[in-house]
Amino acid sequence: IEMTKNNMEIFLLRHGDANSDSKKIIDDSKRSLTDAGIKEIENVSKFFAEFDITIDHIFASPLKRAKQTAEIIAKDQKKAQLTEMIELKPEGVAEDVCKKIIKQSKPTILIVGHMPLLVNIISYITSQKHFTCDLSLKTGGLVKIKTITIEPHLHGQLEWLLTPKMIRKVSK
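Since this is a predicted model, take the numbers as computed values, not measurements.

Chemist: I'm lost on the overall build of the protein chain in this one. Help?
Modeler: Looking only at helices and strands, the protein chain has five helices and six strands in total. Helices and strands appear in the protein chain in the N-to-C order β-α-β-α-β-α-β-α-β-β-α. Over its C-alpha trace the protein chain gives a radius of gyration of 15 Å, about what one expects of a compact globule, namely 16 Å for 172 residues. Along the first, second and third principal axes, the C-alpha set of the protein chain runs to 45 × 35 × 25 Å. Sorting the 172 residues of the protein chain into buried and exposed places 47% on the buried side. If you take every contact in the protein chain between residues at least 6 apart in sequence, the share linking residues at least 24 apart comes to 71%. Per element, the accessible surface of the protein chain, about 9000 Å² overall, is 52% carbon and sulfur. Taking the average place of the 27 positive charges on the side chains of the protein chain and the average place of its 22 negative ones, the gap between the two points comes to 3 Å.

Chemist: Please explain helix α3 (residues 94-101) as it appears in this structure.
Modeler: Working note: α-helix, 3.6 residues per turn, so residues spaced by three or four point in the same direction. Within α3, the full set of buried residues consists of A94, V97, C98 and I101. Down the axis of α3, the buried side of the element spans an arc of 95°, and every buried residue falls inside it. Of the surrounding elements, those touching the buried residues of α3 are β1 (9-14), β2 (57-60), β4 (108-113) and α4 (117-126).

Chemist: It is not clear to me how the side chain of E9 should be interpreted in this structure. Could you clarify?
Modeler: With respect to the helices, strands and loops of the structure, E9 is situated in strand β1. Among the polar contacts listed, one links the side chain of E9 to the side chain of K144, at a separation of 3.0 Å. With residues up to four places along the chain from it excluded, the contact list for E9 reads P107, T108, I109, K144, I145 and K146.

Chemist: I keep staring at the side chain of S32 and nothing clicks. Help me out?
Modeler: Checked against the element boundaries, S32 lands in the loop between β1 and α1 (35-50). A relative accessible area of 19% places S32 in the buried class. In this structure, S32 is in contact with A18, N19, K64 and Q68, ignoring residues within four places of it in sequence.

Chemist: I tried to follow the pairing of strand β3 (residues 81-84) on my own but got confused; where do I start?
Modeler: Looking down a regular strand, the side chains alternate between one sheet face and the other. By the bridge criterion, four bridges tie β2 to β3 in an arrangement that is parallel. Looking across to β3, one finds that F59 is bridged to T83. In terms of handedness, the path from β2 via helix α2 (residues 64-76) over to β3 forms a crossover that is right-handed.

Chemist: Could you clarify how one ought to interpret the sheet that holds strand β5 (residues 142-149) in this entry?
Modeler: The strands making up a sheet are joined through hydrogen bonds of the backbone, oriented either antiparallel or parallel. As summarised here, the arrangement of the six strands in space is β3-β2-β4-β1-β5-β6, forming an open sheet in which the pairing is mixed. The open sheet has two edge strands with one neighbour each: β3 and β6 (155-162). The mean inter-strand angle of the sheet, taken between neighbouring strand axes irrespective of direction, is 20°. Across the sheet, α1 is in contact with β1, β4, β5 and β6; its angle to β1 comes to roughly 160°.

Chemist: Before we go on, may I ask you to explain a positive patch on the surface in this structure?
Modeler: A cluster of basic residues, K165, R168, K169 and K172, forms a positive patch at the surface. Here K165 is to be found in helix α5 (residues 164-170).

Chemist: I tried to follow the environment of Q104 on my own but got confused; where do I start?
Modeler: Looking at where Q104 falls in the secondary structure, it is placed in the loop between α3 and β4. Sequence separation of Q104 and H57 is 47 residues, and the distance between their C-alpha atoms is 8.9 Å. Separated by 2.9 Å, the side chain of Q104 and the backbone nitrogen of K106 make a polar contact.

What counts as what
- Residues numbered from 1 in each chain as written.
- Predicted model: local features only at pLDDT ≥ 70, side-chain atom pairs only at ≥ 80, totals over all residues.
- Heavy atoms only, no water.
- Helix = DSSP H or I, 4+ residues; strand = E, 2+ residues; numbered from the N terminus.
- Rg over C-alpha atoms; globule rule 2.2 N^0.38 Å.
- Buried < 20%, exposed > 50% of the residue type's maximum accessible area, 1.4 Å probe, protein only.
- Contact = heavy atoms within 4.5 Å.
- Areas by Shrake-Rupley, 256 points an atom, 1.4 Å probe, with all protein chains shown as cover.
- Lys, Arg positive; Asp, Glu negative; His and termini not counted.
- Charge placed at Lys NZ, Arg CZ, Asp CG, Glu CD.
- Arc of directions from axis to C-beta.
- Polar contact = N/O pair within 3.5 Å; in protein donor to acceptor, adjacent residues only side chain to side chain.
- Pairing = 2+ DSSP bridges.
- Right-handed = clockwise from strand over helix to strand, strands pointing away.
- Axes fitted to C-alpha atoms, helices over the stretch in contact; angles between N-to-C directions.
- Patch = residues over 30% accessible without salt bridge, like charges linked within 9 Å, V, L, I, M, F, W, Y side chains within 5 Å.
- Salt bridge = Lys/Arg side-chain N within 4 Å of Asp/Glu carboxyl O.

This is the structure we're talking about:
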């Protein structure tokens, strides 16, 4: 089947649990994953394998914890191209991210980032009027959106949202 840009699958993953010892870390962008955070993301990777989900392109925030998260996923996703995207910094704008991802032609993409931007991206894609939805996305939480159209802007349906606990249960 020929994949068109209109039927992209977009996965959004919040980075794994990160070190929050404020005494040691002055620069938020340098916070790294904890051992628990690494395990969370390894479970996501197992989840992808378990459900035969192949990622073609991973877009990650340039912040250390998001890059580490993306690299853990990329290790098992041999086909995936990994791109650092400045627009995915926590203060990024959903519309800018969406405009950039529709420029690439890969059918299955993963966006690795931060709150509240990830929820803003979900809202942007799933609501025609760009309302903000109030979703809780824990660290290591995973969302799947199936796109409906990219014209005049990216629009799709939220298929599911999984918590790290749910992912852990199916990734044994």
